[in-house]
Amino acid sequence: MAAIETIRHDVTICMFDLYGTVVDMQGGLTQAVTPYLKAKDWPGEPSRLVTWWRRTHFENSMIDGLLHRAHIPYREIGRISLSYTLERAGIAHTQEEVKRLVAEIERLQPFPDAVAALTRLKRKYRLVILSNGDPDMLEAIKPHLGIQFDRLISVAEAGCYKPHAATYRKAAEIMAARPAEILFVANHAFDCVGAKAFGMRAAYIDRRKRPYGDWPYQPDLVVSDFAELADLVG
């Protein structure tokens, strides 16, 4: 209860991860790749291929952050990652096919509980997205979100991917807010760890019923979905 009261008193901004937190990335991409894989006569489970794709994408984005070279855009990391995944699965493909599938990320839909809960939270807080997506990808997904956010921020502003501290720092600077005034909300433990390590408050959306891990940077709240979050801090 102490954490909830502190959030209600101190926080002015709810900042959200986008892919997998606000919008259903696993479900949406599985729906998108299913007819493609069927046409390729691939006998595997589409959702498993999407999981491989997403894990590879995460790994590649972390590699990009460690190179200390120019930031590779999210769309290009996606192309590299999906192409690699399809090759590992033995699926013949063209780069145009890969690009079309990666573009499906721009049309992902919110989780069923998201819009109503965000509408409730908007009465009290400014709502912001901090996403690994490229600026034009965030612009493209706006019509699909079902609610207007006060700001959509791409990590391209910081030149590196979350959970690098620079991404949260840049977002706080853009919003002219102290870290403690921001509640960062994510379905991914790594993202909450990054936000907490920077000094933000954090809420872990445990949709998948997975352990958070024994990090020294524990979330202030663990909730099952957006509705529970809005019930607690709205």
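Residues numbered from 1 in each chain as written. Predicted model: local features only at pLDDT ≥ 70, side-chain atom pairs only at ≥ 80, totals over all residues. Heavy atoms only, no water.

Engineer: Could you give an account of the pairing of strand 1 (residues 13-16), naming the residues involved and the relevant values?
Structural biologist: Because side chains alternate across strand 1, one face comprises the buried residues Ile13 and Met15, and the other comprises Cys14 and Phe16, equally buried. By the bridge criterion, four bridges tie strand 1 to strand 2 (residues 126-131) in an arrangement that is parallel. Residue pairing across strands places Met15 opposite Val128, the latter belonging to strand 2. By the bridge criterion, four bridges tie strand 1 to strand 4 (residues 182-186) in an arrangement that is parallel. (Buried < 20%, exposed > 50% of the residue type's maximum accessible area, 1.4 Å probe, protein only. Helix = DSSP H or I, 4+ residues; strand = E, 2+ residues; numbered from the N terminus. Pairing = 2+ DSSP bridges.)

Engineer: Can you tell me about the packing of helix 1 (residues 2-10) against helix 10 (residues 226-233), naming the residues and giving the values?
Structural biologist: A packed helix pair is summarised by two numbers, namely the angle formed by the two axes and the spacing between the axes. As a packed pair, helix 1 and helix 10 sit with axes 9 Å apart at the nearest point and diverge in direction by 75°. On the basis of their axis angle, the class for helix 1 and helix 10 is roughly perpendicular. Note on element contacts: helix 10 touches helix 1 through Asp231, Leu232 and Val233, opposite Ile4, Ile7 and Arg8. Residue composition of the contact of helix 1 with helix 10, by class: four nonpolar, no polar and two charged. (Axes fitted to C-alpha atoms, helices over the stretch in contact; angles between N-to-C directions. Parallel < 35°, antiparallel > 145°, perpendicular 65-115°, else oblique. Contact = heavy atoms within 4.5 Å. Nonpolar A, V, L, I, M, F, W, Y, C, P; charged D, E, K, R; others polar.)

Engineer: How would you sum up the sheet that holds strand 4? Please name residues and give values.
Structural biologist: Pairing between sheet strands relies on hydrogen bonds along the backbone, with the strands arranged either parallel or antiparallel. Spatially, the six strands line up as an open sheet ordered 3-2-1-4-5-6, and their pairing is parallel. The open sheet has two edge strands with one neighbour each: strand 3 (151-154) and strand 6 (221-223). Along the sheet, successive strands turn relative to each other by an average axial angle of 25°, direction set aside. Running over the sheet, helix 10 touches strand 1, strand 4, strand 5 (201-205) and strand 6 and is turned about 135° from strand 6.

Engineer: Report on the environment of Ala230, specifying residues and quantitative values.
Structural biologist: Tracing the chain through its elements places Ala230 in helix 10. Taking the C-alpha atoms as reference, Ala230 lies 9.2 Å from Thr119; in sequence the two are 111 residues apart.

Engineer: How would you summarise helix 10 if you had to cite specific residues and measurements?
Structural biologist: Listed as buried for helix 10 are Phe226, Leu229, Ala230 and Val233. Looking straight down helix 10, one finds that the buried residues subtend no more than 95° of arc, so they occupy a single side. On its buried side, helix 10 packs onto helix 1, strand 1, helix 6 (114-122), strand 4, strand 5 and strand 6. At the N-terminal boundary of helix 10, the capping side chain belongs to Asp225, with an oxygen 3.2 Å from the backbone nitrogen of Ala227. (Arc of directions from axis to C-beta. Polar contact = N/O pair within 3.5 Å; in protein donor to acceptor, adjacent residues only side chain to side chain.)

Engineer: Tell me about the pattern of salt bridges, residues and numbers included.
Structural biologist: As enumerated under the stated definition, the model contains 18 salt bridges in all. Measuring nitrogen to oxygen at the nearest pair gives 2.9 Å for the salt bridge that ties Asp113 to Arg207. Taken as a pair, Asp113 in the loop between helix 5 (95-103) and helix 6 and Arg207 in the loop between strand 5 and strand 6 lie far apart in primary sequence, 94 residues in all. Judged by relative accessible area, Asp113 falls into the buried class, the value being 18%. Residues participating in the shared-partner salt-bridge network are Arg75, Glu106, Asp134 and Asp136. (Salt bridge = Lys/Arg side-chain N within 4 Å of Asp/Glu carboxyl O.)

Engineer: Lay out the packing of aromatic side chains in plain terms, naming residues and giving numbers.
Structural biologist: Under the definition given, this model contains eight aromatic pairs. Ring geometry for Phe58 and Phe190: centres 4.7 Å apart, planes at 55°, overall tilted. Separated by 132 residues along the polypeptide, Phe58 in helix 3 (residues 46-67) and Phe190 in helix 9 (residues 189-198) bring together distant segments of the chain. On the basis of relative accessibility, which here comes to 26%, the residue Phe190 falls in the partly exposed class. Residues Tyr74 and Tyr161 carry aromatic rings whose centres are separated by 6.5 Å and whose planes lie at 55° to one another, so their mutual orientation is tilted. Here Tyr74 is found in helix 4 (residues 74-88), whereas its partner Tyr161 is found in the loop between strand 3 and helix 8 (165-174), with 87 residues between them in sequence. You can call Tyr161 buried: its relative accessible area is 3%. (Phe/Tyr/Trp six-rings, centres within 6.5 Å; stacked < 30°, edge-to-face > 60°.)

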